[in-house]
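# Working through the structure, step by step
Each chain is listed here by its residues.
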Amino acid sequence: MGHRPILLAALFLAGCGGQGGVPELVWGTRGVQDGELVRPRAIAIGPDDRLYIVDWTARIQSFDRNGKHLGITWTTPDFRNGRPSGLSVDPQGNVIVSDSHYHCVRVYSSAGKLLQTIGGSPGTEPGQLGYVSDAVRDADGNFYVSEFVQNNRISKFDPHGAFIKCWGEPGDGPRQFARIRAMTIGPDKSLYVADSCNHRIQVYTLDGEFVRAFGTPGDGLGELSYPYDVACTTGSTPYLYVVEFGNCRVQKFTLDGVSQDVWGSPGRTPGKLSSPWGLAVDSRGRVHVADTENDRVQRIDF
């Protein structure tokens, strides 16, 4: 297919599971108009199942869970230096944008109104930010901000943006990182970190204490190749989903790191992925994958 426009919005009746599973829903058309996508970089979902996607054009767009554009599109104040690469939604439904090349985190309402900015002055001192890859917010309103390039660390800020603490340094040991790509807070109130170039997931308390790590380089069950995003389900048996940029797949883990299944493989047809960057899980436990180089989103249930 290359980069030809893709008009896919058909609901498939077959189930998922395993590398050959059929997606429930595939949607996306390459373009720069509202509702179209150009290499989606990050995806997040709110408590109302509203999806937010930032793509290579620096637009943040709002969709329903079936891919219908909701008439809301905005951009960050400037994107000449580069585009945002991280998105999340806080418990109040506000959209947290990692404005990577501008060394800050911007918080927007669901309608795209700027509410708060944290950072903006680049540096390596505690409280300063370098390349911001992702940011998430806990139930108390605290922010957790991950960085790489200048700083390989996670910083914690209070609800007003005041610095609390940071942890991390370059390396492959506990509390060391090699290009954090994304984070999520699980239902167990642990912070799950996609330590992408170490091909693993690290788990921390919200105070920065190391809990465990899992994943080794490879393409087998339980192995990882450049994990780029993470998301959790809730419910009686929660799971952690990891999208792998290198293996072009999604892998399902228990919260203690036991692999349950994988979905996807390299390619262009539905059920195949090309360099996926992001994923989000809706209230029904379905996984929405930002299929980056295919300029589309695939929804799976496994």
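Residues numbered from 1 in each chain as written. Predicted model: local features only at pLDDT ≥ 70, side-chain atom pairs only at ≥ 80, totals over all residues. Heavy atoms only, no water.

## Remarks on the confidence of the model for the protein
Which entries qualify depends on this criterion: Per residue, pLDDT measures the predictor's confidence, with a range of 0 to 100. Contacts are residue-level and defined by heavy atoms, with any inter-residue pair within 4.5 Å sufficient.
With 93% of its residues at a pLDDT of 70 or more, the protein has an overall mean of 93. Residue range residues 1–17 is modelled with pLDDT below 50. Its contacts to residues more than four positions away, or to other chains, number 51 contacts.

## Considerations on the pattern of salt bridges
Here is the rule we go by: Between Lys or Arg on one side and Asp or Glu on the other, a salt bridge is scored when a side-chain nitrogen of the former is within 4 Å of a carboxyl oxygen of the latter. Each residue gets one of three labels from its accessible area relative to the maximum for its type: buried under 20%, exposed over 50%, partly exposed in between, using a 1.4 Å probe on protein chains only.
Applying the stated criterion to the full structure yields 16 salt bridges. The shortest N-O distance in the salt bridge between D55 and R59 comes to 2.8 Å. The pair D55 / R59 is uniform in exposure class, with both members buried. Measuring nitrogen to oxygen at the nearest pair gives 2.7 Å for the salt bridge that ties D195 to R200. With relative accessibility at 0%, the residue D195 sits in the buried group. Overlapping salt bridges, with partners in common, bring together E24, D282, R286 and R299 in one network.

## Let's talk about the sheet that holds strand 16 (residues 180–185)
The criterion, for reference: At least two bridges found by DSSP between two strands are what make those strands a pair. Each helix is a run of H or I in the DSSP string that is no shorter than four residues. Each strand is a run of E no shorter than two, and both are numbered from the N terminus. Each axis is a line fitted through C-alpha atoms, and for a helix only the stretch in contact is used; angles between axes span 0 to 180 degrees, taken between their N-to-C directions.
On the basis of which strands lie adjacent, the open sheet formed by four strands has the order 16-17-18-19 and antiparallel pairing. In this open sheet, the two edge strands, each paired with only one partner strand, are strand 16 and strand 19 (210–214). The average angle at which neighbouring strand axes cross in this sheet is 20°, direction not considered. Pairing of strand 17 (residues 191–195) with strand 18 (residues 200–204), which is carried by five bridges, proceeds in the antiparallel orientation. The residue bridging V193 from the neighbouring strand is Q202, located in strand 18.

## What to know about the sheet that holds strand 13 (residues 163–167)
Through backbone hydrogen bonds, the strands of a sheet pair up, either in parallel or in antiparallel fashion. The antiparallel open sheet is built from four strands, whose spatial order is 10-11-12-13. Looking at which strands have only one partner, the edges of the open sheet turn out to be strand 10 (131–137) and strand 13. Along the sheet, successive strands turn relative to each other by an average axial angle of 20°, direction set aside. By the bridge criterion, four bridges tie strand 12 (residues 153–157) to strand 13 in an arrangement that is antiparallel. Within the sheet, the bridge partner assigned to K156 lies in strand 13 and is K165.

## Re the state of the cysteines
Chemically, a disulfide is nothing more than a covalent bond linking the sulfur atoms of two cysteines. The condition is simple: Disulfide assignment relies on a single distance test, namely cysteine sulfur atoms paired within 2.5 Å.
Applying the stated criterion across every chain, the model contains zero disulfides. Considering cysteine sulfurs only, C248 is the nearest to C197, which forms no disulfide, with 16 Å between them. When its relative accessible area of 33% is taken as the criterion, C197 is described as partly exposed.

## Looking at the side chain of S265
Operational definition: Side-chain atoms alone can form a polar contact between residues adjacent in sequence; in general such a contact is a pair of N or O atoms within 3.5 Å, and within protein one must be able to donate a hydrogen while the other accepts it.
Relative to the assigned elements, S265 resides in the loop between strand 23 (259–263) and strand 24 (278–281). Using a relative accessible area of 13% as the deciding quantity, one classes S265 as buried. Of note is the side chain of S265, whose polar atom sits 2.9 Å from the side chain of K272.

## Regarding the environment of D219
Summarising the element assignment, D219 is placed in the loop between strand 19 and strand 20 (227–232). D219 sits 156 residues away from F63 along the chain, and the two C-alpha atoms are 32 Å apart.

## Looking at the packing of aromatic side chains
Put simply, the rule is: Each Phe, Tyr or Trp ring (for Trp, its six-membered ring) is paired with any other whose centre lies within 6.5 Å, and the angle between the two planes then decides the class: stacked below 30 degrees, edge-to-face above 60, tilted in between. In this scheme, Lys NZ or Arg CZ marks a charge over a ring once it lies within 6 Å of the ring centre and within 35 degrees of the ring normal.
The final tally for this structure, using the stated rule, is twelve aromatic pairs. Considering the side-chain rings of F214 and F253, the 5.2 Å spacing of their centres and the 50° angle between planes classify their relative orientation as tilted. One end of the pair, F214, is in strand 19; the other, F253, is in strand 22 (residues 249–254), with 39 residues separating them in the sequence. We note that F214, like F253, is buried. Between Y241 and F302, the aromatic rings sit 5.6 Å apart at their centres with planes inclined by 65°, giving edge-to-face as the arrangement. Of this pair, Y241 sits in strand 21 (residues 239–244) while F302 is found in the segment after strand 26 (296–300), placing the two residues 61 residues apart along the sequence. Judged by its relative accessible area of 12%, F302 falls in the buried class. Three or more aromatic residues link up through ring pairs in this structure, and these residues are W167, F177, Y204 and F210. The ring of W56 has R39 lying over it, and the distance from NZ or CZ to the ring centre is 4.1 Å. Seen from the ring of F302, K252 lies directly overhead, with NZ or CZ sitting 6.0 Å from the centre.

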